[in-house]
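Read off the chains here:
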Amino acid sequence: MKEVTAAIIINDGKVLIAQRAENQKLAGKWEFPGGKIESGETPEECLIREINEELGINIEVNDFFGKVYINMIWKK
Ligand SMILES: Nc1nc2c([nH]c(=O)n2[C@H]2C[C@H](O)[C@@H](COP(=O)(O)OP(=O)(O)OP(=O)(O)O)O2)c(=O)[nH]1
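- Within an unreviewed UniProt entry, the label attached to the chain reads 8-oxo-dGTP diphosphatase, and the organism entered is Thermosinus carboxydivorans Nor1.
- Under the UniProt heading Cofactor (unreviewed entry), the entry covering the chain gives this text: "Mg(2+)".
- Quoted straight from UniProt, the Sequence similarities (unreviewed entry) entry for the chain says "Belongs to the Nudix hydrolase family."

Quick look at the structure:
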């Protein structure tokens, strides 16, 4: 099982969503920015790292929104 974190960033009543890059899996799809939890990392640490890598900003994690389980099947 793969564990992923994603951030819901709200500013001025607008929610930030990001488009996946052309060189990524699911290229062009829209997502809440985030990524996979690495070994030894807490979900919060993962989120801070991913948002810094993807958006170049430093965030503080506030409220936990929720958890979902997805069964993904890849099609080529
Ligand atoms: N970031 C993000 N990922 C999502 C969302 N919904 C959803 O199903 N996913 C899935 C897509 C991917 O299979 C997985 C996130 O993996 P990723 O490829 O973005 O992770 P990563 O940044 O660590 O990438 P990499 O190092 O493996 O290249 O979670 C979402 O809202 N945000």
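**Some points on the site of the ligand**
Now for step 1: Around the ligand, 15 residues are found, and the nearest of them are Arg20, Glu31, Phe32, Lys36 and Glu50.
Now for step 2: A distance of 3.0 Å separates an oxygen atom of the ligand from a polar atom in the side chain of Arg20.
Now for step 3: Gly34 has a polar backbone atom sitting 3.5 Å from a nitrogen atom of the ligand.
Now for step 4: Burial of the ligand by the protein amounts to 70% of the accessible area it has alone, namely 640 Å².
Now for step 5: Going through the elements one at a time, β1 (4–6), β6 (34–36) and α1 (43–55) are the ones with two or more residues in the shell around the ligand.
Now for step 6: Here the shell around the ligand takes 3 residues from β6, the largest share from any one element.

**Comments concerning the environment of Asn52**
Now for step 1: Mapped onto the fold, Asn52 is located in helix α1.
Now for step 2: The sequence separation of Asn52 and Val4 amounts to 48 residues, and the corresponding C-alpha distance is 15 Å.
Now for step 3: Sequence-distant contacts of Asn52, defined by excluding residues within four places in its chain, comprise Ile57 and Asn58.

**Side note on unusual backbone geometry**
Now for step 1: A positive phi angle is found at Asp12, which is not glycine, with a value near 55°.
Now for step 2: The residue Asp12 is located in the loop between β2 (10–11) and β3 (14–15) in this model.
Now for step 3: Look at Asp12 and you get exposed, because its relative accessible area is 73%.

**Quick look at a nonpolar patch on the surface**
Now for step 1: On the surface, Ile8, Ile10, Val15, Ile17, Trp30, Phe32 and Phe65 cluster together into a nonpolar patch covering about 770 Å² of accessible area.
Now for step 2: With respect to the helices and strands, Phe65 occurs in the segment after α1.

So, how was this worked out
- Residues numbered from 1 in each chain as written.
- Predicted model: local features only at pLDDT ≥ 70, side-chain atom pairs only at ≥ 80, totals over all residues.
- Heavy atoms only, no water.
- UniProt positions renumbered as here; feature names shortened; annotations may be inferred.
- Near = heavy atom within 4 Å.
- Polar contact = N/O pair within 3.5 Å; in protein donor to acceptor, adjacent residues only side chain to side chain.
- Areas by Shrake-Rupley, 256 points an atom, 1.4 Å probe, with all protein chains shown as cover.
- Helix = DSSP H or I, 4+ residues; strand = E, 2+ residues; numbered from the N terminus.
- Contact = heavy atoms within 4.5 Å.
- Buried < 20%, exposed > 50% of the residue type's maximum accessible area, 1.4 Å probe, protein only.
- Patch = residues over 30% accessible without salt bridge, like charges linked within 9 Å, V, L, I, M, F, W, Y side chains within 5 Å.
- Salt bridge = Lys/Arg side-chain N within 4 Å of Asp/Glu carboxyl O.

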